[in-house]
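# Overview (structure and organization)
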Amino acid sequence: MAVGKNKRLSKGKKGKGKKAADPFAKKEWYEVRAPSMFTSRAVGKTMVSRTTGTKIASEALKNRIINVSLADLNNDEDQAHRTIRLRVDEVQGRNCLTNFHGMNFTS
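In this report, we go over the structure that sits alongside the text. (Residues numbered from 1 in each chain as written. Predicted model: local features only at pLDDT ≥ 70, side-chain atom pairs only at ≥ 80, totals over all residues. Heavy atoms only, no water.)

Before going further, it helps to spend a moment on the environment of Thr51. Secondary-structure assignment places Thr51 in the loop between strand 2 (42–49) and helix 2 (57–61). Residues Thr51 and Lys27 lie 24 residues apart in sequence; the distance between their C-alpha atoms is 9.2 Å. Excluding residues within four positions of it along the chain, Thr51 makes contact with Ile56 and Ala57. Engagement of the side chain of Thr51 in a polar contact is seen with the backbone nitrogen of Ala57, the distance being 3.1 Å. (Helix = DSSP H or I, 4+ residues; strand = E, 2+ residues; numbered from the N terminus. Contact = heavy atoms within 4.5 Å. Polar contact = N/O pair within 3.5 Å; in protein donor to acceptor, adjacent residues only side chain to side chain.)

This is the structure in C-alpha cells:
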C-alpha cells in the first residue's frame, strides 16, 4: 500500500449521486380571487413553497402581482386589450384575496 492512500475512500459506490427530488412535491397551490368589482371572481391558481421553519407560505404570497386580461375578469371579449394588475393583499385559508394595482393597454 502506498503512503498516504486512504483505502476507505477508494472503495464504495461509484457514480451514484443524490436522488433528484421533484420540485413540485414541495409546493402548495392557492386559489387567486379578484375583487368584487369584477364579474368573475376566480382568477386562477398560484403556487408557493410549503411552510418550513421560519418561512411562512402565506407571507411569501403577499404583495405578489398577478396580470389578468380584463376580458377574463368581466367575461367580455371586447375588453381583451386591457390587462389588469392585481396584488395579493391577504391570504385566507387557500384563497389569495387581491386588490387592484394597475392597468395596461396592449395593442
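Now for the nonpolar core. Core analysis: the biggest nonpolar cluster contains 16 residues, and Tyr30, Phe38 and Leu73 have the highest contact counts within it. Elements with a contribution of two residues or more to this core: strand 1 (27–33), helix 2, strand 3 (65–69), helix 3 (70–74) and strand 4 (82–92). Tallying contributions element by element places strand 4 first for this core, with four residues. Ignoring anything within four residues of it in the chain, the contact list for Leu73 reads Ala34, Phe38, Thr39, Ser40, Val43, Val68 and Ile84. (Core = buried A, V, L, I, M, F, W, Y, C linked by side-chain atoms within 4.5 Å. Buried < 20%, exposed > 50% of the residue type's maximum accessible area, 1.4 Å probe, protein only.)

What follows concerns the packing of aromatic side chains. Given two aromatic rings, their pairing is described by the distance between the two centres and the angle made by the two planes. Counted under the stated rule, the structure contains zero aromatic pairs. Positioned above the aromatic ring of Tyr30, the side-chain terminus of Arg94 is 5.2 Å from the ring centre. (Phe/Tyr/Trp six-rings, centres within 6.5 Å; stacked < 30°, edge-to-face > 60°. Lys NZ or Arg CZ within 6 Å of the ring centre and 35° of its normal.)

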